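Summary of structural features
Residue-level listing of the chains:
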Amino acid sequence: MSSTNKTEKLGLNSWIGSDKPKRIDFNTDNEIIDRAISQHTEDTVVHINAEEREKWNNYMFTGMYYGDGSTKRTVKTTCPFEARIGFVFANSRPITITRFSESKNNNYFGVFGFLANSLGIKLNDDCKSFTVNQSASAMTANEYANFNESGVAYHYVMFR
């Protein structure tokens, strides 16, 4: 005879003192548990696979380079993924320096991306490197790109 009572969620046997458990009751309960756990662990909506976990855990990459003063430079990174977007900023420099007397705006912060880029910086086709400019003259209007000033440390962050 199976149990007088059953558990609420899985319907497993829940015996009272006068019940007489049989081996089939335990085997049936084990099959119910096995089926429920298998369905749960195989549910790809609820659980992620190892590849997805790796991607989610490693969503950004950081690095730095020192400016060499050249007007155009490709910064090759060791980023393990293809970046979709990122940004660069100069260490110990503000985002921008405006010199009103010279009608000049020097930019030390830029964004590069798969779809668009800031003035003077561009994500390359491999999505693991980017090209920066160091303006000797205005790139547009009074805007100067300062992403490769000699001796300046630049930091970058790349995102999946």
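Description of the structure in this document. As the structure is a prediction and not an experimental result, all values here were calculated from the model.

Thoughts on the sheet that holds strand 7 (residues 104–107)
- With respect to topology, three strands assemble into an open sheet ordered 6-7-11, the strand pairing being mixed. At either margin of the open sheet sits one strand with a lone partner, and together these are strand 6 (96–99) and strand 11 (143–145). Taken over all neighbouring pairs, the strand axes of this sheet differ in orientation by 20° on average, direction set aside.
- In terms of strand pairing, strand 6 meets strand 7 through four bridges, oriented antiparallel. Following the sheet pairing, Thr96 is matched in strand 7 by Asn107.

A few points about the sheet that holds strand 12 (residues 153–159)
- One open sheet holds the four strands; their spatial order is 3-12-5-8, and the pairing between them is antiparallel. A single partner strand is all that each edge strand has here, and the edge strands are strand 3 (60–66) and strand 8 (109–113). Each strand of the sheet is rotated relative to its neighbour by a mean of 20°, with strand direction disregarded.
- As paired strands, strand 5 (residues 85–90) and strand 8 are joined by five bridges and run antiparallel to one another. If you follow Val88 over to strand 8, its bridge partner there is Gly110.

A word on the nonpolar core
- Of all hydrophobic cores here, the largest spans 21 residues; its most connected members are Tyr65, Val88, Phe130 and Tyr156.
- Of all the elements in the fold, those that place two or more residues in this core are strand 3, strand 5, strand 9 (121–123), strand 10 (129–133) and strand 12.
- The leading source of residues in this core is strand 12, at three residues.
- Other than its neighbours up to four places away in sequence, Val88 contacts Tyr65, Tyr108, Phe109, Gly110, Phe112, Ile121, Phe130, Phe147, Tyr154, His155 and Tyr156.

Section: the pairing of strand 12
- Buried residues dominate strand 12, accounting for five of its seven residues.
- Taken together, the seven bridges between strand 3 and strand 12 define a ladder with antiparallel strand orientation. Within strand 12, the residue paired with Phe61 across the bridge is Met158.
- Here strand 5 pairs with strand 12 via six bridges, running antiparallel. Note that in strand 12 the partner of Gly86 across the bridge is Met158.

Let's talk about unusual backbone geometry
- For Cys127, which is not glycine, the phi torsion reads 60° and is therefore positive.
- Secondary-structure assignment places Cys127 in the loop between strand 9 and strand 10.
- When its relative accessible area of 7% is taken as the criterion, Cys127 is described as buried.
- Of note in the backbone geometry, Ala141 takes a positive phi value of approximately 50° without being a glycine.
- Residue Ala141 is classed as exposed on the basis of its relative accessible area of 69%.

The rules behind the values
- Residues numbered from 1 in each chain as written.
- Predicted model: local features only at pLDDT ≥ 70, side-chain atom pairs only at ≥ 80, totals over all residues.
- Heavy atoms only, no water.
- Pairing = 2+ DSSP bridges.
- Helix = DSSP H or I, 4+ residues; strand = E, 2+ residues; numbered from the N terminus.
- Axes fitted to C-alpha atoms, helices over the stretch in contact; angles between N-to-C directions.
- Core = buried A, V, L, I, M, F, W, Y, C linked by side-chain atoms within 4.5 Å.
- Buried < 20%, exposed > 50% of the residue type's maximum accessible area, 1.4 Å probe, protein only.
- Contact = heavy atoms within 4.5 Å.

Purely geometric numbers; function is a separate question.
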